[in-house]
Structure formats: C-alpha cells, structure tokens
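Descriptive structure summary
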Amino acid sequence: MNETKNILVTLEHLTVGYLGKNQNSVILENLNLSIAEGELVCLLGPNGCGKSTLIRTIAGMQPSLSGEICIKENAISNLEIQNLAKIVSVVLTDTIDVPNMTVFDIVALGRYPHTGWFGTLHSKDLELINDCISKVGLNHLKTREFLQLSDGEKQRTLIAKALVQDTDFILLDEPTAHLDLSSRIEIMKLLKELAHTTKKSFLLSTHELELALQISDKIWLVSNKEIVSGTASELIQQKAFETSFTNGNFSVEEEEGRIRINYLHST
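Residues numbered from 1 in each chain as written. Predicted model: local features only at pLDDT ≥ 70, side-chain atom pairs only at ≥ 80, totals over all residues. Heavy atoms only, no water.

Another aspect to go through is the pairing of strand β9 (residues 218–223). Of all 6 residues in β9, 6 are buried, a share of seventy percent or more. Pairing of strand β3 (residues 40–44) with β9 involves 4 bridges; the strand directions are parallel. The residue of β9 that forms the bridge with C42 is I219. The pairing of β9 with strand β10 (residues 226–230) spans 5 bridges and is antiparallel. Bridging across to β10, I219 finds its partner in G230. Counted between consecutive antiparallel strands, the loop separating β9 from β10 contains 2 residues, among which N224 sits at a positive phi close to 55°. (Buried < 20%, exposed > 50% of the residue type's maximum accessible area, 1.4 Å probe, protein only. Helix = DSSP H or I, 4+ residues; strand = E, 2+ residues; numbered from the N terminus. Pairing = 2+ DSSP bridges.)

Quick look at the structure:
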C-alpha cells in the first residue's frame, strides 16, 4: 500500500512575471501545483522559460502577478520576511566570495532568522550547525576557509546553511551549475537523500535532464508558459519532454529514461 504524504506547498492559480508600467510581462500563468513532505521536485525547461523567475517568486523575492503560494497552509503574501525565513530557505546560483570565513561560519549564518540581531548561538544552535555540516559530509572541512573549497564543497556548504535554517521547504536555483560531472551527481544524490531522511521538501531548477529523470520524485516541466507535473515515467510516456524542448534534437527512451540524440550535425 502506498504511503500517503502530507502536502507542504501549493501553488493556486499562480501567475508569475514582471510588473510593467503599462502592461505586465507574463512568464508562467495559472499554475496549480503541489509538493509533498520529503519530496524532491526538479523544475526543468528550456533556457529563458521562467525557472529562476518562479523560484524567486516562491521564495518571496519578487511579487506574483496573481494567485497564491501557500507553505504549510500559510499564504506567503501575508508573511513578514522574518517569518517567511523560518519556513522557506533558498540557495541561489550566485557564487559567494567571502574572505576569512570558515565552513562553520558560513553554515552558522543560517541560524540568523532564529537568533535575531545579536546572532548569539546557544548550545542547540551549535548542535544543529554541527549536525547539518555532518549531513552534507563536510566534517573534515569544518574549519577550512570557504574560499579555499572546491566548487562542489562550496555548494555543500550552502546546502548545509539552508538546512540549518531549519525550514520545511528548501529552494535551489541551478545547484549543479559550474560543477563537473562527478560533483553534479554527488549533489543530486545528496539532495535526494536529504529529502527522504529529513522529510524536508526540495524544489530545484536544473538543466540536468538525465539526472533529474533518475533522481527526482516528481518533475515540474515548463511548456508554453505552463507547467506539466508528474513522475519521470509519466512525463516520458506523455512525450512531454519532446513537447517542451521543441528543437527535435533528442528523445527520451521509455525503458530506462535515457536521452537519445536523434541526429548529429556533420562538421
């Protein structure tokens, strides 16, 4: 019998884009979607389709054009920034260059919504920081300066920072950008493990189509200003990827979820 999961995040008739002086620019419209507890959802689609815009809107970093986003049944439009930071954390694509800060220091910044202006860390905070560093496999680098880390280690540090914020929902915008193949696989596997062990929900935008097919619990696929939601196998059977990526260069094999190149241009 399938386990029933509680719904954590819902998008209700959500339209996202940019406010204009005379006319709004609509990027994605009338989205009705949900994410369950402990679920890893990959947001896929062509370049410029609105993935980052949707991530920023759900994070409360820019207003929606219409509709509502609810996290734990709280409409984020009704939440103060301090309260929103206690239910959703964000890892953005932008690299962070901060001198003289260790892995521990960076991760500890995630406690800010709970410690307030003075940033005093109590024993429970320190315990959580150390636990999250351990969860991402960086115990041996705890005192290493952040700038001395590899790109993959930096990304693990920022994931630990999001974890230590102690929210139920974590958003990531292109978490595998700038990483080599091995590191991309490690990060995707780590996020899947964290979702299932911590019961936190993860939504990440990515261009890693083949990794997403193998690792995600659910896929949100952008197509023509809308999003089709389903498991990898459901979307493969619907030929949804070929509809979203319309250049005809590839297809997805139903048996194993592998990408097959349909033709190669001769040189």
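Turning our eyes to something else, we now look at the sheet that holds strand β5 (residues 74–75). What the 4 strands build is an open sheet, ordered β2-β1-β4-β5; its pairing is antiparallel. Strands at the two margins of the open sheet, each flanked by one partner only, are β2 (25–36) and β5.

Note on placement: R184 falls in helix α7 (residues 181–198). At a separation of 2.9 Å, a polar atom in the side chain of R184 contacts the main-chain carbonyl oxygen of L179. Contacts of R184, omitting those with residues within four sequence positions, involve T176, L179, E208 and L211. (Polar contact = N/O pair within 3.5 Å; in protein donor to acceptor, adjacent residues only side chain to side chain. Contact = heavy atoms within 4.5 Å.)

The next thing to look at is the pattern of salt bridges. For the structure shown, the criterion picks out 8 salt bridges. The shortest N-O distance in the salt bridge between E39 and K218 comes to 3.5 Å. Taken together, the residues span a long stretch of sequence, with E39 in the loop between β2 and β3 and K218 in strand β9 at a distance of 179 residues. The salt bridge involving D217 is made with K192; its shortest N-O contact spans 3.9 Å. You can see D217 sitting in the loop between α8 (209–215) and β9 and its partner K192 sitting in helix α7, a full 25 residues away along the chain. Judged by relative accessible area, which is 22%, K192 ranks as partly exposed. (Salt bridge = Lys/Arg side-chain N within 4 Å of Asp/Glu carboxyl O.)

Attention now goes to the sheet that holds β9. What the 6 strands build is an open sheet, ordered β6-β7-β8-β3-β9-β10; its pairing is mixed. The open sheet is flanked by β6 (88–91) and β10, the only strands paired with a single partner. The average angle at which neighbouring strand axes cross in this sheet is 20°, direction not considered. Pairing of β3 with strand β8 (residues 201–205) involves 4 bridges; the strand directions are parallel. Opposite V41, over in β8, you have L203 as the bridge partner. (Axes fitted to C-alpha atoms, helices over the stretch in contact; angles between N-to-C directions.)

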